[in-house]
Amino acid sequence: MSAKQSDKLVMMANQIAKNFAIRGEEKAIEGTARHITLFWEPRMRDGIRDHVKAGGAGMLPIALKAVNGLAATAPAAVNPLATTVKPAQQKDGNAPKPAKLASKKSTKA
């Protein structure tokens, strides 16, 4: 990976870490690692891991700890859309019915 690509990944990881920092260090590390795992493609994750193995220059402590934490646990490929999402439940326990789309009415004269 080129230095330019590595610098871009470091910048992105640091931005993510800064966004989660308000939650406290532990949650920020978890949130940063989760974000990288869910939304970065495998080449990006491999690139940031390689950067950390080479010393992690320029990385904020939260970003560095997050990448160190995911190094052993991140899967080779993750599809964030594959997570199970339960439909919203009404008070009676039934899922709400989808709204019907209004059909176009012809306006013939």
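What comes next is a walk through the structure.

It is worth spelling out the overall build of the protein chain at this point. A tally of helices and strands in the protein chain yields four helices and zero strands. Start at the N end of the protein chain and walk to the C end: the helices and strands fall as α-α-α-α. Burial status across the protein chain gives 29% buried among its 109 residues.

Attention now goes to the packing of helix α1 (residues 3-20) against helix α3 (residues 42-53). At a minimum axis separation of 10 Å, α1 and α3 run at an interaxial angle of 95°. Put simply, α1 runs roughly perpendicular to α3. Contacts between α1 and α3 pair S6, L9, V10, M12 and A13 from the former with M44, G47, I48 and H51 from the latter. Here the contact of α1 with α3 is composed, by residue class, of six nonpolar, three polar and no charged.

Another point: the pattern of salt bridges. Overall, the coordinates contain three salt bridges when judged by the stated rule. Between E25 and K65 there is a salt bridge, with the nearest N and O atoms lying 2.5 Å from each other. Here E25, found in helix α2 (residues 25-39), pairs with K65, found in helix α4 (residues 61-70); they are 40 residues apart in sequence, far enough to count as distant. Relative accessible area serves as the criterion here: at 42%, K65 is assigned to the partly exposed category.

A13, I36, W40, I48, M59 and V67 are the most contacted members of the largest nonpolar core, which totals 20 residues. Element by element, the count of residues in this core is highest for α1, at six residues.

Below, the discussion takes up the side chain of N14. Along the chain, N14 turns up in helix α1. Within the structure, N14 has its side chain in polar contact with the backbone nitrogen of L60 (distance 2.8 Å). Non-local contacts of N14, meaning those with residues more than four positions away in its chain, are made with G58, M59, L60 and A63.

Criteria and thresholds
Every chain's residues receive numbers from 1 upward, in the order its sequence appears when written. Where totals are concerned, whole chains, interfaces and linings use all residues; where local detail is concerned, this predicted model gives features only for residues with pLDDT of at least 70, and gives and counts side-chain atom pairs only at 80 or more. Neither water nor hydrogens contribute to the side-chain values; these are computed over all heavy atoms in the structure. Labels follow the DSSP assignment, with helices taken as runs of H or I lasting at least four residues and strands as runs of E lasting at least two, numbered in each case from the N terminus. Here's how the labels work: a residue is buried when its accessible area is under 20% of the maximum for its type, exposed when over 50%, partly exposed in between, all with a 1.4 Å probe on protein chains only. Note on geometry: axes are C-alpha line fits, over the in-contact stretch for helices, and angles between N-to-C directions span 0 to 180 degrees. Comment on the angle field: the value is read as roughly parallel under 35 degrees, roughly antiparallel over 145, roughly perpendicular from 65 to 115, and oblique elsewhere. Two residues qualify as a contact provided that any one of their heavy atoms is within 4.5 Å of a heavy atom in the partner residue. Residues are grouped as follows: Ala, Val, Leu, Ile, Met, Phe, Trp, Tyr, Cys and Pro are nonpolar; Asp, Glu, Lys and Arg are charged; all remaining types, including Gly, are polar. Counted as salt bridges are all cases of a side-chain nitrogen of Lys or Arg within 4 Å of a carboxyl oxygen of Asp or Glu. Side-chain atoms within 4.5 Å are what join buried Ala, Val, Leu, Ile, Met, Phe, Trp, Tyr and Cys residues into a set we call a nonpolar core. The definition of a polar contact used here is a pair of N or O atoms within 3.5 Å, where within protein one atom must be able to donate a hydrogen and the other to accept one, and adjacent residues in sequence count solely through side-chain atom pairs.

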